[in-house]
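Here's the letter readout for the chains.
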Amino acid sequence: MNKKWWKEGVVYQIYPRSFKDSNGDGIGDIRGIIEKLDYIKNLGTNIIWLGPIYKSPNDDNGYDICDYRDIMNEFGTMADFDELLKEMHKRDIKLVMDLVVNHSSDEHKWFVESRKSKDNPYRDYYIWRKAKEGNPPNNWGSFFSGSVWKYDETTDEYFLHLFSKKQPDLNWENKKVRNEVYDMMKFWFDKGIDGFRMDVINLISKVPGLPDGTKGENDLYGNGFPLTANGPRVHEYLQEMNREVLSKYDIMTVGETPGVDPETAKLYVNEDRKELNMLFQFELMDIDSGNGKWDIRPWKLTTFKNIMYKWYEALKEQGWNSLFLNNHDQPRLVSRFGNDKEYRVESAKMLATFLHTWQGTPYIYQGEEIGMTNVQFDISDYKDIEIINMFKEKTEQGVPKEELMKSIYAKGRDNARTPIQWDASENAGFTTGAPWLRVNPNYKEINVESALKDKDSIFYYYQKLIKLRKEHEVIVYGDINMMLEEDEKIFAYTRKFENESLLVVLNFFDKEAAFTAPKKFDVNNAKLLISNYEIHELNNNFILRPYEARVYKI
Ligand code: NOJ
């Protein structure tokens, strides 16, 4: 296995809008991040993935970019950015930026030109089509509700937007578009950044002809996803990008790739194919989804294990896994997979133990390290375009409000976007102004200041896990052997690399569970590397307490 810095590191994801406000406008900013770099360094993470900070009208909080080479006003200036990068490198922290090039903002100058006339030089930068018999060009529905097509009077045509109406899809079939993207990437690499997280990068190649998608009886729109995800030319484009840009720098790349299975994943991350280093898989994030993300189903631990093991097996020799249990688009992990009430601390630590002892690069989403939880706001307090559009569309269809609120509480993206709770002062110390999104009311109890004062806090547990990763290569490179595959309560596995072996035992629920380690492990003489409880007994049979986690060196 090839050793690489991005396999050995741990990533900390910053959602800039909600991280730290330095100027009292209620919006997180770059200077706020600079203020908190020592905090991140103290945690031990050595890579930061920074959400989009480019100039944007913020229809989708920066995922709608109108200038790829400039900084969003609310976040600061290019001088602030340069200082941030310098301060990060001074602390040996690498910077991975977001690359959002499936679409731009409709306020980008390319689109402003493109919509002017059919013969404008920028017309083909986007995907324009005529009406089909008085209807939009096809039946696809947008990720953010409604059709993917918006009619534009100026030229009497529609443009394609898989996300919001203000996020027109770029036309990757146009080599000029690809060159613009590659030049822009070089601009940032030449500044010294260390990688890109690539937003929905597997959607950039659409099936030619853009045919209708299949549509169920009760669906408002057809399903365009299979006709846009992993499209016919996506690997050609990524190989070209690798040849022209990525291969020239010592950087890391991670693709955000919804709808990729482990076999398809190999095509993106097999080192010999020279595309990407890692990708984010969404099979685990869909474990509790029925018909779409808002339809919530109970999940089973055996399914969880199977998904994780399948991905491990597929990529262990042909690529690399990235590991995450939440991010800015997902609910808080402790609320979703743990218990955010009675066992908040125990379950947050148990889930972290899993995340940091599986094979792959762990990603920590801001606030996870202090066990931040989901929220339940009034509908009028939500800011996320996905939530707002879904609520409106489904209300119009007659779906009861209580049902919609239940889904939003469980899955809404604003769960993860509430401001970081720095201390117990007003607005959790995030801002001196009015926060752009309400602070989670539990900030007096859950905040960074109190975590740093408590030696048993979730924060210090993460710190210890990250330190262990640096001390034990087996955590990074070790093979995985599953135990108790059929067990619905306990997740247990061993790791092995050269002469070192680990035994990891995790109780995923709030009831006690008995565990017997095979005789060959001799737990009596094993060294306990980390646990979220005090451990007294020293033998191969033990009872795991609610959400108990143990890692032994055997
Ligand atoms: C995925 C991003 O993570 C999400 O926040 C965004 O809304 C969409 N891509 C569109 O850019």
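Definitions and cut-offs
- Residues numbered from 1 in each chain as written.
- Predicted model: local features only at pLDDT ≥ 70, side-chain atom pairs only at ≥ 80, totals over all residues.
- Heavy atoms only, no water.
- Salt bridge = Lys/Arg side-chain N within 4 Å of Asp/Glu carboxyl O.
- Helix = DSSP H or I, 4+ residues; strand = E, 2+ residues; numbered from the N terminus.
- Buried < 20%, exposed > 50% of the residue type's maximum accessible area, 1.4 Å probe, protein only.
- UniProt positions renumbered as here; feature names shortened; annotations may be inferred.
- Pairing = 2+ DSSP bridges.
- Axes fitted to C-alpha atoms, helices over the stretch in contact; angles between N-to-C directions.
- Parallel < 35°, antiparallel > 145°, perpendicular 65-115°, else oblique.
- Contact = heavy atoms within 4.5 Å.
- Nonpolar A, V, L, I, M, F, W, Y, C, P; charged D, E, K, R; others polar.
- Near = heavy atom within 4 Å.
- Polar contact = N/O pair within 3.5 Å; in protein donor to acceptor, adjacent residues only side chain to side chain.
- Areas by Shrake-Rupley, 256 points an atom, 1.4 Å probe, with all protein chains shown as cover.
- Domains from an automatic or database assignment.
- Phe/Tyr/Trp six-rings, centres within 6.5 Å; stacked < 30°, edge-to-face > 60°.
- Lys NZ or Arg CZ within 6 Å of the ring centre and 35° of its normal.
- Buried area = accessible area lost by both parts, 1.4 Å probe.
- Left-handed = near helix turned anticlockwise from the far one by under 90°.

Moving on, we come to the pattern of salt bridges. Note that side chains of opposite charge can pair when their charged atoms are close. Under the defined criterion, the tally for this structure stands at 49 salt bridges. Here Lys 20 ties to Glu 35 by a salt bridge, and the two come within 4.0 Å at their closest N and O atoms. Here the residue Lys 20 occupies a position in the loop between strand S1 (11-14) and helix H2 (30-35), and Glu 35 occupies one in helix H2, the gap between them amounting to 15 residues. Overall, the relative accessible area of 11% leaves Lys 20 in the buried class. Judged by relative accessible area, which is 47%, Glu 35 ranks as partly exposed. In this structure, the salt-bridge partner of Lys 467 is Glu 471, at a minimum N-O distance of 3.2 Å. One end of the pair is Lys 467 and the other is Glu 471, both in helix H16 (residues 458-471) and four residues apart, which spans about a single turn.

According to UniProt, the "domain: Glycosyl hydrolase family 13 catalytic" (unreviewed entry) feature falls on residues 13-417. The annotated region residues 13-417 carries 32% helix and 14% strand content, and the separation between its end C-alpha atoms amounts to 12 Å.

Turning our attention to the pairing of strand S7 (residues 149-152). With four bridges connecting them, S7 and strand S8 (residues 157-160) associate as antiparallel partners. For Lys 150, the partnering residue across the bridge sits in S8 and is Phe 159. Hairpin geometry of S7 and S8 is characterised by an intervening segment of four residues between the two adjacent antiparallel strands and by a positive phi of about 55° at Asp 156.

Moving on, we come to the sheet that holds S7. An order of S6-S8-S7 is seen for the three strands of this open sheet, with the pairing classed as antiparallel. If you trace the sheet from one side to the other, it starts and ends with strand S6 (128-129) and S7, each paired once.

Close contact between helix H4 (residues 78-90) and helix H6 (residues 175-191) brings their axes to 11 Å; oriented N to C, the two are set at 55°. In terms of their interaxial angle, H4 and H6 are classed as oblique. Residues Met 78, Phe 81, Asp 82 and Leu 85 of H4 pack against Phe 187, Trp 188 and Lys 191 of H6. Tallied by class, the residues present in the contact of H4 with H6 amount to five nonpolar, no polar and two charged.

Our next topic: the site of the ligand. Residues in contact with the ligand, as listed here, are Asp 60, Tyr 63, His 103, Phe 144, Phe 163, Arg 197, Asp 199, Glu 256, His 328, Asp 329, Arg 413 and Arg 417. Within the side chain of His 103, an N or O atom sits 2.9 Å from an oxygen atom of the ligand. Here an oxygen atom of the ligand sits 2.7 Å away from a polar atom, N or O, in the side chain of Asp 199. Relative to its free-state accessible area of 300 Å², the ligand is covered by the protein chains to the extent of 97%. Taken together, the residues of the shell around the ligand sort by class into three nonpolar, two polar and seven charged. Formed jointly, the shell around the ligand draws a minimum of three residues from each of two domains, domain 1 (8-100 + 324-471) and domain 3 (188-320).

This next bit is on the packing of aromatic side chains. Here the structure, examined in full by the defined rule, presents 49 aromatic pairs. Between Tyr 12 and Phe 19, the aromatic rings sit 6.3 Å apart at their centres with planes inclined by 75°, giving edge-to-face as the arrangement. For Phe 19, a relative accessible area of 0% puts it in the buried group. Ring geometry for Trp 172 versus Tyr 237: centroids 5.8 Å apart, planes at 40°, classification tilted. Placement of the pair is Trp 172 in the loop between S8 and H6 and Tyr 237 in helix H7 (residues 234-244), with a sequence separation of 65 residues. Comparing Trp 172 with Tyr 237 shows no difference in burial state: the two are buried. Among the aromatic residues, those joined into a ring-pair cluster are Trp 299, Phe 304, Tyr 309, Tyr 312, Phe 337, Phe 354, Trp 358, Phe 491, Tyr 493, Phe 508 and Phe 509. Directly above the ring of Phe 542 sits Arg 550, whose terminal nitrogen or CZ lies 3.9 Å from the centroid.

On to the side chain of Ser 322. Structurally, Ser 322 can be placed in strand S14 (residues 322-323). We classify Ser 322 as buried; its relative accessible area is 3%. There is a polar contact of 2.4 Å between the side chain of Ser 322 and the backbone oxygen of Leu 279. Setting aside residues no more than four positions away along its own chain, Ser 322 makes contact with Val 254, Met 278, Leu 279, Phe 280, Thr 361 and Tyr 363.

Most peptide bonds take the trans configuration, and most residues that are not glycine carry a negative phi. Unusually for a residue other than glycine, Asp 156 sits at a positive phi of about 55°. Structurally, Asp 156 can be placed in the loop between S7 and S8.

This brings us to the domain arrangement of the protein. Its domain assignment divides the protein into domain 1 (8-100 + 324-471), domain 2 (109-160), domain 3 (188-320) and domain 4 (479-553). The gap between the C-alpha centroids of domain 3 and domain 4 is 32 Å. A combined buried area of about 980 Å² lies between domain 3 and domain 4, and 68% of that area is made up of carbon and sulfur atoms. It is Leu 301, Lys 305 and Tyr 312 that lose the most area in domain 3 upon contact with domain 4, and together they represent 55% of the buried surface on that side. Along the contact surface separating domain 3 from domain 4 lie six residue pairs in polar contact (both at pLDDT 80 or more). Within the side of domain 3 that touches domain 4, the residues separate by chemical class into five nonpolar, one polar and two charged.

Attention now moves to the packing of H6 against H7. Helix packing for two helices is described by the angle between their axes and how far apart those axes are. Running from N to C, H6 and H7 point in directions that differ by 40°, and their axes come no closer than 11 Å. Between H6 and H7, the crossing angle belongs to the class labelled oblique. Note on packing geometry: the crossing formed by H6 with H7 is right-handed. The residues of H7 that touch H6, namely those facing Lys 175, Arg 178, Asn 179, Tyr 182, Met 185 and Lys 186, are Tyr 237, Glu 240, Met 241 and Glu 244.

What follows covers the environment of Asn 2. Relative to the assigned elements, Asn 2 resides in the segment before helix H1 (5-8). Look at Asn 2 and you get partly exposed, because its relative accessible area is 41%. Sequence separation between Asn 2 and Asn 242 is 240 residues, and the spatial gap between their C-alpha atoms is 19 Å. With sequence-adjacent residues up to four places away left out, Asn 2 is seen in contact with Lys 7, Glu 271 and Tyr 477. Polar side-chain contacts of Asn 2 include one of 2.6 Å to the side chain of Glu 271.

It is worth spelling out the sheet that holds S14 at this point. The parallel open sheet is built from eight strands, whose spatial order is S11-S10-S9-S5-S2-S1-S15-S14. A strand with exactly one partner marks an edge of an open sheet, and here the two such strands are strand S11 (278-280) and S14. The strands touched by H6 within the sheet are strand S5 (94-99) and strand S9 (195-198), with S9 carrying the most contacts at an inclination of about 135°.

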